[in-house]
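Residue-level structural notes
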Amino acid sequence: MPQSPSAHDRFLSAMEGEAYNPALNQPSKSPEVFAALIPELEREVQQGDMQSAYALAVVLVAGLALRSMEELEAQREDLLVRASELWTKCALSDNWGAVDNLMTEGVGPSAELARRLWSEVHRDRRDLVQFDNDAQMPIYGSDFAREVHRRWLLKWPEVSQ
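Residues numbered from 1 in each chain as written. Predicted model: local features only at pLDDT ≥ 70, side-chain atom pairs only at ≥ 80, totals over all residues. Heavy atoms only, no water.

Examining the overall build of the protein chain
- Scanning the protein chain from terminus to terminus reveals seven helices and four strands.
- Helices and strands appear in the protein chain in the N-to-C order α-β-β-α-α-α-α-α-β-β-α.
- Reported as C-alpha extents along the three principal axes, the dimensions of the protein chain are approximately 50 × 40 × 35 Å.
- Across the 161 residues that make up the protein chain, the buried fraction comes to 37%. (Helix = DSSP H or I, 4+ residues; strand = E, 2+ residues; numbered from the N terminus. Buried < 20%, exposed > 50% of the residue type's maximum accessible area, 1.4 Å probe, protein only.)

Thoughts on the side chain of Glu-147
- If you trace the backbone, Glu-147 turns up in helix 7 (residues 142-159).
- Given a relative accessible area of 9%, Glu-147 falls into the buried group.
- In this view, Glu-147 contacts Val-121, Arg-125 and Leu-128; residues no more than four positions away in its chain are not counted. (Contact = heavy atoms within 4.5 Å.)

Quick notes on the packing of helix 4 (residues 69-92) against helix 7
- Taken N-terminus to C-terminus, the directions of helix 4 and helix 7 make an angle of 100 degrees; their axes are 10 Å apart at the nearest point. With respect to each other, helix 4 and helix 7 are oriented roughly perpendicular. Two secondary-structure elements touch here, helix 4 through Thr-88, Ala-91 and Leu-92 and helix 7 through His-149, Trp-152, Leu-153 and Trp-156.
- Here the contact of helix 4 with helix 7 is built from residues that sort into five nonpolar, two polar and no charged. (Axes fitted to C-alpha atoms, helices over the stretch in contact; angles between N-to-C directions. Parallel < 35°, antiparallel > 145°, perpendicular 65-115°, else oblique. Nonpolar A, V, L, I, M, F, W, Y, C, P; charged D, E, K, R; others polar.)

Things to note about the environment of Ala-7
- The topology assignment puts Ala-7 in helix 1 (residues 7-15).
- Classification of Ala-7 by relative accessible area gives buried; the value is 1%.
- Once the C-alpha coordinates of Ala-7 and Glu-40 are considered, the two residues, 33 residues apart in sequence, prove to be 5.8 Å apart.
- Setting aside residues no more than four positions away along its own chain, Ala-7 makes contact with Leu-37, Glu-40, Leu-41 and Glu-44.

Some details on the pairing of strand 4 (residues 137-140)
- Pairing between strand 3 (residues 129-132) and strand 4: four bridges, direction antiparallel. Residue pairing in the sheet places Val-129 in a bridge with Tyr-140 of strand 4. (Pairing = 2+ DSSP bridges.)

Here we look at the side chain of Asn-101
- By the secondary structure assignment, Asn-101 is in helix 5 (residues 96-105).
- When its relative accessible area of 17% is taken as the criterion, Asn-101 is described as buried.
- Polar side-chain contacts of Asn-101 include one of 3.2 Å to the side chain of Tyr-54.
- If sequence neighbours within four positions are ignored, Asn-101 has contacts with Tyr-54, Trp-87 and Gly-106. (Polar contact = N/O pair within 3.5 Å; in protein donor to acceptor, adjacent residues only side chain to side chain.)

A closer look at the pattern of salt bridges
- Enumeration according to the criterion identifies 13 salt bridges in this entry.
- The partner of Arg-67 in a salt bridge is Glu-32, with the nearest N and O atoms 1.9 Å apart. With a gap of 35 residues between them, Arg-67 in the loop between helix 3 (50-62) and helix 4 and Glu-32 in helix 2 (residues 31-46) connect regions that are remote in the sequence.
- Linking Arg-123 and Asp-124 is a salt bridge whose minimum nitrogen-to-oxygen distance equals 2.9 Å.
- Residue class for Arg-123 comes out exposed when judged on its relative accessible area of 57%.
- Accessibility expressed as a relative area gives 40% for Asp-124, which makes it partly exposed.
- Shared partners join several salt bridges into a network, and the residues in it are Glu-120, Arg-123, Asp-124, Glu-147, Arg-150 and Arg-151. (Salt bridge = Lys/Arg side-chain N within 4 Å of Asp/Glu carboxyl O.)

Shown next as structure tokens:
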């Protein structure tokens, strides 16, 4: 008997071709699709599936299960707290991209550590920062993010106590 797709796999399918309607500022898929995935993703997270943790953080932070921007703004703080907890779990499971999310949108001690280390790596490892001369902007690639993650893993035990 074939195994049914995981909630993470169904999340990926739901995200396929996902685009925001700029006029409505809402995803093109119904929020109910993503809302139905939340309990299943939560279950998979409890079983230790970090892909599901990352997917759940995306659903929460992007407000994919919500009906309006007003609803998202009203819940924003709580959603960021929960997403930050999930990104922290992911980062501890060796997902370096989660530290990037903590740095850009996260809240709490893990996010503050990520922001501090991002600045530290930017200062200490200029070899990892590219520069777009046309846009006059730095470009941070995966090597940069991996270095921030490496340092984050070393410092997290001090911060988490």
